[in-house]
Amino acid sequence: MSVDVRTRVDGEQVPLDCDRFFGEELPAALDAAAPLLAPARATLRLPPLVLQVDQDCWTLQAEGPGIVVVPGASARDDALVLRLGVAALSDLVADQVTPMGWFSSGTLDLEGRLERLLDWWLVLRGALDGVAPHVAGEMAFGDLDGAPLDLGRSFHWDEDDEEMDRFLDQAGFLHVTGVFSGDEMAAVSAEMDRAAPSYSQGDGRSWWARTDDGSDRLVRMQGFDAMSPTAAALLTDGRLARLGALTGDGHQWGAMDSNALEALVKPIGVVEGISDVPWHKDCSLGRHSYECCSLTVGISVTGADATSGQLRVVGGSHRALVWPAFLRRDNPLPVVDLPTGTGDVTVHLSCTLHMAQPPVERERRVLYTGLRLPPLAPDAATEARRRLRDVRETAATTVSQPPSTVRS
């Protein structure tokens, strides 16, 4: 079952004319999408949004059953004010970036709450892409026979590919047991220890975090396939290729280009930096309509549960236009814990909301790699991905995760 939901191609973005966009194109899109946006209006909090583009301002505001665009800045005290340049607005409209991309890179210039801007982002994406923001009661889950899907199910490596494909299509994730052996994971762990001294803070190929005892800890080793013969062999021995072939979309290994494999250590007590990324989609920084859905594969070097850094996912969120990061208090979709044993594999789609639960009793080790859809315009996509990668890497030094808790 295809998970290719791409609707845009790199290289086709045209220069944005602000007067035409705010005066004609956006109002027309909002009017056309009014029936799609109406069900979500009751759940979204939409104070006026002032978009200050260089020296000019336009205000988006809810008015009656619709959304209107008016020249100038709203005088209301609760108005959001987003300041950006024409190029940034063009990237937002073309889905090259999201507000989370600006937030993560430290370039977001916003007066007001980020959550309210994300509500407006749902409206803009809904209007520009013709997709309804998700509301409660719209999501159903069914297996191959039409019975309700057990979202807590895990699959053994010997089970049927068609069943795994159906589960991944419906739920947006998979947990597969018995993929790699304990001996293989022990060898990988030993090679993580041997590789660690070759990484240093500021080297551009690692992430670091500070723990509550004052230690600076290496938490992410990039390009680990070049440092670990064992891991490199596991990636290409056919096991991951089987998972990548489930949807029939031609997913290719090496999704992160020169950083095809990352080795993560998740320490206890992180107080600065990022080790355990809070709720997000892998497309949260931008480019959903150019790249989704990719497959993100996690290999449990050590097992994980609620006290040792397990993965958590929001079932069906890949099929829903929801915030690209964070989890709304009124989230209507099921949150699923994915405890794993040593050698287990998790797969999630790039549109699936997920998070890494901070460990509180023992550290976790895990490998992450990706399988990506074949690019529709390879040369243009390479440059756009480089820009997004720069944003992702900036986040490692500009954003810190929330304090560790047993449950988020």
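Residues numbered from 1 in each chain as written. Predicted model: local features only at pLDDT ≥ 70, side-chain atom pairs only at ≥ 80, totals over all residues. Heavy atoms only, no water.

**Some details on helix H1 (residues 18-32)**
Between the first and last C-alpha of H1 there are 20 Å, a value that for 15 residues agrees with the 21 Å anticipated at 1.5 Å per step. When H1 is considered as a whole, its buried residues turn out to be Cys18, Phe21, Phe22, Leu26, Pro27, Ala29 and Leu30. Its buried side turned inward, H1 meets helix H2 (34-41), strand S1 (49-53), strand S2 (56-63), strand S3 (66-71), helix H3 (86-93) and helix H5 (114-129). In this structure aspartate 17 caps H1, since a side-chain oxygen of it lies 3.1 Å from the backbone nitrogen of aspartate 19. (Helix = DSSP H or I, 4+ residues; strand = E, 2+ residues; numbered from the N terminus. Expected span 1.5 Å × (residues − 1). Buried < 20%, exposed > 50% of the residue type's maximum accessible area, 1.4 Å probe, protein only. Contact = heavy atoms within 4.5 Å. Polar contact = N/O pair within 3.5 Å; in protein donor to acceptor, adjacent residues only side chain to side chain.)

**Looking at the sheet that holds strand S14 (residues 311-314)**
The three strands lie next to each other as S15-S14-S17, forming an open sheet whose pairing is antiparallel. Edge positions in the sheet fall to strand S15 (335-338) and strand S17 (354-356), since each of these pairs with one other strand and no more. Here the average twist between neighbouring strands, direction ignored, is 20°. Looking at chain direction, S14 and S15 are connected through four bridges and run antiparallel. Along S15, the bridge assignment pairs valine 314 with valine 335. (Pairing = 2+ DSSP bridges. Axes fitted to C-alpha atoms, helices over the stretch in contact; angles between N-to-C directions.)

**A few points about the side chain of arginine 125**
Following the sequence through the fold, arginine 125 ends up in helix H5. What makes arginine 125 buried here is its relative accessible area of 4%. A polar contact is formed between the side chain of arginine 125 and the side chain of aspartate 129, at a distance of 2.8 Å. Discounting chain neighbours no more than four positions away, the residues touching arginine 125 are Arg8, Leu92, Val93, Asp95, Gly130 and Leu321.

**Overview of the nonpolar core**
Counting residues in hydrophobic clusters, the biggest one holds 60 residues, and the most contacted among them are Leu174, Val188, Phe224, Ile299 and Leu367. Excluding residues that lie within four positions of it along the chain, valine 188 makes contacts with Phe224, Thr230, Ala231, Leu234, Val301 and Leu367. In this structure, Leu26, Trp121, Leu285 and Ala325 belong to the second largest nonpolar core, which totals 45 residues. (Core = buried A, V, L, I, M, F, W, Y, C linked by side-chain atoms within 4.5 Å.)

**A word on unusual backbone geometry**
The peptide bond linking cysteine 292 to cysteine 293 adopts the cis configuration, its omega dihedral lying at 10°. With respect to the secondary-structure elements, cysteine 293 resides in the loop between helix H10 (288-291) and strand S13 (295-300). In this structure, aspartate 54 is a non-glycine residue whose phi angle is positive, near 55°.

**Some remarks on the environment of alanine 136**
As for its placement among the helices and strands, alanine 136 is situated in the loop between H5 and strand S6 (155-156). On a C-alpha basis, the gap between alanine 136 and valine 3 in space is 23 Å, while along the polypeptide they are 133 residues apart.

**A few points about the pairing of strand S7 (residues 173-177)**
Of all five residues in S7, five are buried, a share of seventy percent or more. Side-chain alternation along S7 places Phe173, His175 and Thr177 on one buried face and Leu174 and Val176 on a second face that is also buried. Judged from the two bridges that link them, S6 and S7 form a sheet pairing that is parallel. Note on S7: the bridge partner recorded for phenylalanine 155 is valine 176. Handedness of the S6-helix H6 (residues 161-171)-S7 crossover: right-handed. Here S7 pairs with strand S16 (residues 345-349) via four bridges, running antiparallel. Paired with leucine 174 across the two strands is valine 347, which belongs to S16. (Right-handed = clockwise from strand over helix to strand, strands pointing away.)

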